[in-house]
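# Summary of structural features
Each chain, letter by letter, is given below.
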Amino acid sequence: MTEMVFGTQPVRAGDPILPRWWRTIDRWTLLCVLALFGIGMLLGLAASPPLAEKNGFQPFHYVQRQAVFGAMAFVVMLLVSMMSPRQVRRIGVLGFVLAFVALVFLPVFGTDFGKGAVRWYSLGFGSFQPSEFLKPCFVILAAWLMAASQEIGGPPGKAWSLILAAVIALFLALQPDFGQAALVLFSWGVIYFVAGAPFLLLTLLAGLAVAGGMLAYNSSEHFARRIDGFLSPEVDPRTQLGYATNAIQEGGFFGVGVGEGTVKWSLPDAHTDFIIAVAAEEYGLVLVLAIIGLYALITSRALFRLMRERDPFIRLAGAGLACAFGVQALINMGVAVRLLPAKGMTLPFVSYGGSSVIASGLALGMLLALTRTRPQGGIEDILLKQRSGPWHGRDS
Amino acid sequence: MIRTPLRPLARILSARAKGENPDAIERENLRLRHEEMRDRQRLRAEGRLLILGLLFFGAFTVVGARMGTLAASEPMEPVAAASGASILAQRADIVDRKGRVLATNLATHSLYAQPPLMVDPDRAALELARIFPDLDADRLRADFTGSRKFLWIKRRLSPEQMQAVHDIGDPGLLFGPREMRLYPNGTLAAHVLGGAGFGREGVTSAEVVGTAGVEKQFDTWLRDPANGGRPLELSLDLSVQAAVEAVLAGGMRLMNAKGATAVIMDVRTGEVISLASLPDFDPNARPAPLAGRDPSDSPLFNRAVQGVYELGSTFKAFTVGQALDLGLVSPETLIDTRGPLKWGRFTIRDFRNYGPQLTVREVLVKSSNIGTARIVAMTGAERQQAFLKALGFFEPTSLEIAEAPTGRPLLPRKWSEIVMLTASYGHGLSASPLHLAAAYATIGNGGVRVMPTILRRTVPPEGGARVMSAEAAATLVSIMRETVAHGTATFADVPGYAVAGKTGTADKPDPRGGYYDDRVIATFAGVFPAHDPAYSIVVTLDEPVETSGTEPRRTAGWTAVPVAAEIIRRTAPLLGLRPEVEQGTGAGLIRVRN
């Protein structure tokens, strides 16, 4: 929570909200997010017509939908970014409760849209994927618990948040959605790491993760096939991975040209999981590197700003949100270039998907709210220490 | 190192001593401790966030670098590999002994449909039903508009049909290349070749699998790519086979027979030059087996190999031959032929009375049952059994076609004296015409066992077992030559080819017990030319009846023998035999001076 400290920042009570927001927001990150969303629309124009054609809509049906969702996501992001950390924490915890309940009732009311995993609620005009919203909200809750546990005499927040993470991961794995489950566990791990996890324990956890992976490999055929496909040196050109690799190679440095790509016609997930392949084929390495640069910039800038953060909750929540965002992009692109085994994971803001883009807007809004410039002490901290004696009448 | 105490006891105690409230001091101390701890944590978190940032930066760099190397590399053509092992469609040809094609492959196309790709399923169904009258438009429409994603429509298309389907112009109708087995000679040698059908089928190719005959027997060999496209060479001679089938078909019609079979075999190598069985079929469109009926009535039934019959008097040659070989008799030994011969409750009669005594030669020439029975009585049951076994009458023939193992001879359970007597003139045991041809080939081969084969042999096989002495075999052939010259088989006396042989007319066994009076198996078995036998021939007619005379004649001399003679007349020149025209007086060349 912000500690109002005398004379450190030009923040005055009664300051108008918008000017203060504009002064303190991380405008670079905001710009990056806008750029990413623009690129997403651009790629949607390229990647979604085959899907629209298959489903019998006019070619840019999904682009229009995405524009609507994007606008909603943007509004959500701006609104959330104007909140104070305390408000962020509140909506995070509230959202967590709602999303968790939605997740629990998925097997009863959810639908699988013929894809073999019950992950969505069908709402008529669109679908709603609770796990997308659960991720940022869980990060907030876990960070709050973890920060509270650092207080002297605080609650055992580490254990509680770990139990929560495990329960969520279990529900997600039951869908099955191992990708989101892994992402939730990863977020918790990041928060725990920043909160000062002992290295020995981290090593143990890494070992546990490997064991869990092997268990999943042995028990789930779906999972095992993907791992096998990844480990085999020869990429089968008929798999999604084969098409994606081929598309990246076809694109070269400057792409085959707008609308000239072919991979979107062969890949069922061209508009979501493999949108980077469409980008690589039509616009070449240039755009891909630009996308990678934007994600790297958002993630690293957020982490850099958080390094100066004094408040443990803000620090932990921000780190968790930034890392979840970055690692999701990283996994998506790593799969397309065969650095990682095939795992369905959307590219935040770029991939098509209502839940995904709005949840990303929520997460980024929270991140922006948490990384706003706040009085952090710095040199003032030292001054504070020196001045604390006379203030509080303490012997020095 | 100076340790800071958890509680500032000194200050608390002094405050207490002064009577002040120490709580403020406690709170202050707690706040300071808390702040110190926060600073520690912040420092640590700063380092860890830096680590995280560097990790992310590194990971993004790796992904970017990987993207770069991929983008810089050449794309490889995405090859849609066929699922599973590819189907080999390179089946070897089958040729006859002179390299003429008996079976080959023809590239055709199959027709399949992918309804999701169809533009106008209704029209496609109607047009298809128009092109293929055997297809039902309603059913096709149901298939095309239903949930099916793929269906076969036709296994093989003619080029005209393919063009017609192509002209429908529906993108959901697709052609798959098919290699089809083609038998360019139609029904010729159908029973030897058998036939082939499709095994595993894919869109791009289908496996051709032999279903019968040589195609089945040599299926693995024919499909083996290691043979490098070498054809399978059969011992058949296509032109001989054509002549045999033509003559046999005519003879079968003339003699009102319900079935006929002929075998011509090289007596030295055992190669089957011709093997015909009527009625026959076209292996290009192999009929389905008859369900619920006697399989031997089906055109698919190979009478020469699968059919076992009591072959009658043709067996007398073996009885006489063995007696000659054992030295029990000479051709001139007199045999008592007074009849009827009674053996227990069993009576043996001759076709007509041949007088009280006949020489061994005359017994065979006139085909006396009583005489043969007397001769076999000298030989004895055990030696007769061993002799017939040595000639191969106790097991299926070794011919390399899939049906050969089913041509198992029917043998009596116990080789009693009655069996001995009846077997001496060919009753009581059944064998296939191919068995008989092989046994006669053994006689023609100077008594050395001949094993029949359908594959071309350039050199006679070594080490055939000797069944009888060369002298006895030669004597037997000379007696059989007399049978043809002025005995029961005079119709077989083809000028110039010195045919030697023996007739056999056997009553057909009635499945209800006993024998039919008016149904016979008429057989001619022989070798030619008699002075140096090269080929053995067996012609068998099933239920023949010759009606040109005043009363129907069924004996082999009137039915099977004329057919065999015509076969020899037609095929001997094709086989490269030189006719030896006996020179009559004044028939020689006259030197004319002018």
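It should be noted that the structure appears before, not after, this text.
Computed from a predicted model, the values in this text were never measured in an experiment. (Residues numbered from 1 in each chain as written. Chains lettered and ligands numbered in written order. Predicted model: local features only at pLDDT ≥ 70, side-chain atom pairs only at ≥ 80, totals over all residues.)

Another aspect to go through is the overall build of chain A. Along the backbone of chain A there are 17 helices and two strands. Put simply, chain A has 396 residues, and 46% of those count as buried. (Helix = DSSP H or I, 4+ residues; strand = E, 2+ residues; numbered from the N terminus. Buried ≥ 20, exposed ≤ 12 C-beta atoms within 10 Å, placed from the backbone.)

Reports often express the size of an interface as the amount of accessible area lost when the parts come together. Taken together, the 31 residues of chain B in the interface contact 45 residues of chain A. Within the side of chain B that touches chain A, the residues separate by chemical class into 18 nonpolar, six polar and seven charged. (Contact = placed C-beta atoms within 7 Å. Nonpolar A, V, L, I, M, F, W, Y, C, P; charged D, E, K, R; others polar.)

Residue and element names in this part refer to chain A. Helix length check: helix α7 (residues 130-150), at 21 residues, gives a terminal C-alpha distance of 30 Å against a target of 30 Å (1.5 Å per residue), a fit within 8%. Within α7, the axis deviates most sharply at Pro136, by approximately 25°. The element α7 is largely enclosed, with a buried count of 18 among its 21 residues. (Expected span 1.5 Å × (residues − 1). Bend = angle between axes of the 7 residues up to and from the residue.)

The next subject is helix α10 (residues 199-219) of chain A. In a regular helix each residue adds 1.5 Å, so 21 residues correspond to 30 Å; α10 of chain A covers 30 Å between its end C-alpha atoms and thus fits that length. Burial within α10 of chain A is sparse, with just zero of its 21 residues counted as buried.

Before going further, it helps to examine the packing of helix α12 (residues 240-251) of chain A against helix α14 (residues 275-307) of chain A. For any two helices packed against each other, one specifies the inter-axial angle together with the distance between the axes. Residue and element names in this part refer to chain A. With their axes 7 Å apart at the nearest point, α12 and α14 run at an angle of 10° to one another. Our classification of the angle between α12 and α14 gives roughly parallel. Touching Ala244, Ala247, Ile248, Glu250 and Gly251 of α12 are Ala277, Ala280, Glu281, Glu282, Gly284 and Leu285, all from α14. In the contact of α12 with α14, the residues fall into six nonpolar, two polar and three charged. (Axes fitted to C-alpha atoms, helices over the stretch in contact; angles between N-to-C directions. Parallel < 35°, antiparallel > 145°, perpendicular 65-115°, else oblique.)

All names here are of chain B. Summarising burial for strand β16 (residues 535-542): eight of the eight residues are buried, a large majority. Burial along β16 is two-sided: Tyr535, Ile537, Val539 and Leu541 facing one way and Ser536, Val538, Thr540 and Asp542 facing the other are all buried. Pairing between strand β8 (residues 259-266) and β16: eight bridges, direction antiparallel. Its bridge partner lying in β16, Met265 is registered against Ser536. One ladder, built from eight bridges, connects strand β15 (residues 515-528) with β16; its direction is antiparallel. The residue of β16 that forms the bridge with Ile521 is Asp542. (Pairing = 2+ DSSP bridges.)

This part covers unusual backbone geometry. Residues and elements named next belong to chain B. Put simply, Leu278 and Pro279 share a cis peptide bond, and its omega is -5°. Secondary-structure assignment places Pro279 in the loop between β9 (272-278) and α10 (316-326). The omega angle of the peptide bond from Phe528 to Pro529 is -10°, so this bond is cis rather than trans. Looking at the secondary structure, you find Pro529 in the loop between β15 and β16. One non-glycine residue, Ala189, adopts positive backbone phi at about 55°. With respect to the helices and strands, the residue Ala189 is situated in the loop between β4 (173-182) and α6 (190-193). Overall, the presence of 30 C-beta atoms within 10 Å leaves Ala189 in the buried class. You will see that Asn256, though not glycine, has its phi angle at about 55°, which is positive.

The next point concerns the packing of helix α2 (residues 27-47) of chain A against α14 of chain A. All names here are of chain A. Two elements in contact, α2 and α14, have axes separated by 10 Å at closest approach and are oriented at 160°. Our classification of the angle between α2 and α14 gives roughly antiparallel. Crossing handedness for the pair α2 and α14: left-handed. Every residue of α14 that contacts α2 at Trp28, Thr29, Cys32, Val33, Ala35, Leu36, Ile39, Leu43, Ala46 and Ala47 is listed here: Ile275, Val278, Ala279, Glu282, Ile291, Leu294, Leu297, Ile298, Arg301 and Ala302. Taken together, the residues of the contact of α2 with α14 break down into 17 nonpolar, one polar and two charged. (Left-handed = near helix turned anticlockwise from the far one by under 90°.)

Our next topic: the sheet that holds β15 of chain B. Residue and element names in this part refer to chain B. Reading across the sheet, the five strands line up as β9-β8-β16-β15-β14 and stay open at both edges, with antiparallel pairing between neighbours. Edge positions in the sheet fall to β9 and β14 (500-509), since each of these pairs with one other strand and no more. When strand polarity is set aside, the average angle formed by the axes of neighbouring strands in this sheet is 10°. Each of β8, β9 and β16 touches helix α9 (residues 238-254); the most contacted strand, β9, lies at about 30° to it.

Glancing now at the environment of Leu364 of chain A. Residue and element names in this part refer to chain A. When you line up the elements, Leu364 lands in helix α16 (residues 354-370). Note: C-alpha distance between Leu364 and Val33 (331 residues apart in sequence) is 8.3 Å. Ignoring anything within four residues of it in the chain, the contact list for Leu364 reads Val33, Met77 and Phe325.

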